[in-house]
Amino acid sequence: MNNRKGIFYDLLIEHIKKDKLDKMAQYLDENGFFTAPASAGHHGAHEGGLFDHSLAVTQALLKLTRNNNLVWQRPESPYLVGMFHDLCKIDSYKWIQSEATPITGNIVMQREDGHWEYNENTKLKGHGDKSVMLLSMFTALTEEEIMCIRYHMGAFVDKSEWSLYSKAVNLFPNVLFTHTADMIASQVEGV
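Residues numbered from 1 in each chain as written. Predicted model: local features only at pLDDT ≥ 70, side-chain atom pairs only at ≥ 80, totals over all residues. Heavy atoms only, no water.

J.: Account for the overall build of the protein, with residues named and values stated.
T.: Scanning the protein from terminus to terminus reveals eight helices and three strands. When its helices and strands are written in sequence order, the protein yields α-α-α-α-β-β-β-α-α-α-α. In the protein, buried positions account for 51% of the 191 residues. Looking at the protein alone, contacts between residues at least 24 apart form 59% of all its contacts between residues at least 6 apart. (Helix = DSSP H or I, 4+ residues; strand = E, 2+ residues; numbered from the N terminus. Buried < 20%, exposed > 50% of the residue type's maximum accessible area, 1.4 Å probe, protein only. Contact = heavy atoms within 4.5 Å.)

J.: Explain the side chain of His 85 to me, using residue names and the numbers behind them.
T.: Within the element layout of this structure, His 85 appears in the loop between α4 (77–84) and β1 (93–97). Side chain to side chain, His 85 and Asp 86 meet in a polar contact 3.3 Å long. Leaving out residues up to four positions away in the same chain, His 85 has contacts with His 53, Ser 54, Val 57, Leu 80, Ser 131, Ile 149, His 152 and Asp 182. (Polar contact = N/O pair within 3.5 Å; in protein donor to acceptor, adjacent residues only side chain to side chain.)

J.: Could you give an account of the packing of aromatic side chains, naming the residues involved and the relevant values?
T.: Enumeration according to the criterion identifies nine aromatic pairs in this entry. Ring centres of Phe 8 and Phe 84 lie 6.2 Å apart, and the angle between their planes is 80 degrees; this geometry places the pair in the edge-to-face category. One end of the pair, Phe 8, is in helix α1 (residues 3–12); the other, Phe 84, is in helix α4, and 76 residues separate them in sequence. Residue Phe 8 shares its accessibility class with Phe 84, and that shared class is buried. Aromatic pair Phe 33 and Phe 51: ring centres 6.0 Å apart, planes at 85 degrees, arrangement edge-to-face. (Phe/Tyr/Trp six-rings, centres within 6.5 Å; stacked < 30°, edge-to-face > 60°.)

J.: Got a sec to walk through the nonpolar core? Specific residues and values, please.
T.: Phe 8, Leu 12, Phe 33, Met 83, Phe 84 and Val 175 are the most contacted members of the largest nonpolar core, which has 50 residues in total. Taken together, the elements giving at least two residues each to this core come down to α1, α2 (18–30), α3 (49–67), α4, α5 (128–135), α6 (143–150), α7 (162–171) and α8 (174–188). The leading source of residues in this core is α3, at nine residues. Val 175 has contacts with Met 147, Cys 148, Tyr 151, Tyr 165, Ala 168 and Val 169, leaving out every residue within four places of it along the chain. (Core = buried A, V, L, I, M, F, W, Y, C linked by side-chain atoms within 4.5 Å.)

J.: Now, about the packing of α6 against α8: what can you tell me, with residues and values included?
T.: One can describe the packing of α6 onto α8 by two numbers: an axis separation of 8 Å at closest approach and a directional angle of 40 degrees. One element, α6, and the other, α8, form an angle in the oblique class. Of the two elements, α6 crosses α8, and the hand of that crossing is right-handed. Residues Glu 144, Met 147 and Cys 148 of α6 form the contact with α8, whose own contacting residues are Asn 174, Val 175 and Thr 178. Grouping the amino acids of the contact of α6 with α8 by side-chain chemistry returns three nonpolar, two polar and one charged. (Axes fitted to C-alpha atoms, helices over the stretch in contact; angles between N-to-C directions. Parallel < 35°, antiparallel > 145°, perpendicular 65-115°, else oblique. Left-handed = near helix turned anticlockwise from the far one by under 90°. Nonpolar A, V, L, I, M, F, W, Y, C, P; charged D, E, K, R; others polar.)

J.: If you had to explain unusual backbone geometry to someone new, which residues and values would you point to?
T.: Phi is positive for Asn 69, close to 50 degrees, though the residue is something other than glycine. Relative to the assigned elements, Asn 69 resides in the loop between α3 and α4.

J.: Tell me about α1, and name the residues and values.
T.: Residues three or four positions apart in an α-helix share a direction because the helix packs 3.6 residues into each turn. Every buried residue of α1 is accounted for by Lys 5, Gly 6, Phe 8, Tyr 9, Leu 11 and Leu 12. Check the buried side of α1 and you find it contacts α2, α3 and α4.

J.: Please set out the pairing of strand β3 (residues 114–118) residue by residue, giving values where relevant.
T.: The buried fraction of β3 amounts to four of the five residues, a majority that puts the element mostly inside the structure. Here five bridges tie β1 to β3, and the two strands are oriented antiparallel to one another. Following the sheet pairing, Lys 94 is matched in β3 by Glu 117. (Pairing = 2+ DSSP bridges.)

J.: Could you give an account of the pattern of salt bridges, with specific residues and numbers?
T.: Inspection of every chain in the model, using the stated rule, returns nine salt bridges. For Lys 18, the salt bridge is made with Asp 22, and the minimal N-O distance between the two is 3.0 Å. Taken together, the residues span about one helical turn, with Lys 18 and Asp 22 both in helix α2 at a distance of four residues. Under the relative-accessibility criterion, Lys 18 is labelled partly exposed at 48%. Between Arg 74 and Glu 76 there is a salt bridge, with its nearest N and O atoms 3.3 Å apart. (Salt bridge = Lys/Arg side-chain N within 4 Å of Asp/Glu carboxyl O.)

In structure tokens:
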């Protein structure tokens with residue numbers, strides 16, 4: 001078991017039943033969660049960056065929860081929201097072996113043996129919505145968890161969604177803290 005998968009198990013084993021966690025880990029491993037970059041040129045633009053970013057968001061959200069006495073609909077929520085808010089990115093990038101395909105302008109990261117490239121042929125499109133859909137394959141989500149994941153980008157979405165984000169924060173203040181945790185991880189810590 002690689003180090004990222006070990007950390008994943010250690011973090012979630014108390015919050016997700018082992019058989020569910022095993023199925024999740026297998027799916028995540030097969031679909032690149034532990035190896036994919038988190039972005040093309042911003043935070044986590046390195047191999048394994050998606051997991052590293054997700055872990056940093058989870059840790060920031062747990063710290064915000066403790067320090068601000070946040071109340072969640074269920075205790076495992078900050079773990080699920082933090083770890084899976086960017087689940088949508090599992091197939092956003094594909095690994096291309098150097099000898100197989102010439103390098104294009106979609107390069108994320110390059111090594112001697114190949115490079116990550118943006119994948120335009122993902123199964124599903126979207127960001128927060130896609131993350132909610134993928135996570136719901138493994139566990140039923142509360143409305144609060146759905147809203148936190150769906151709106152974790154805060155105002156970094158199309159202006160037409162700003163009022164929806166505000167409504168989500170008014171319904172579930174932890175939406176704002178989820179966005180804050182994401183900003184701490186991506187902008188302050190650079191992960």
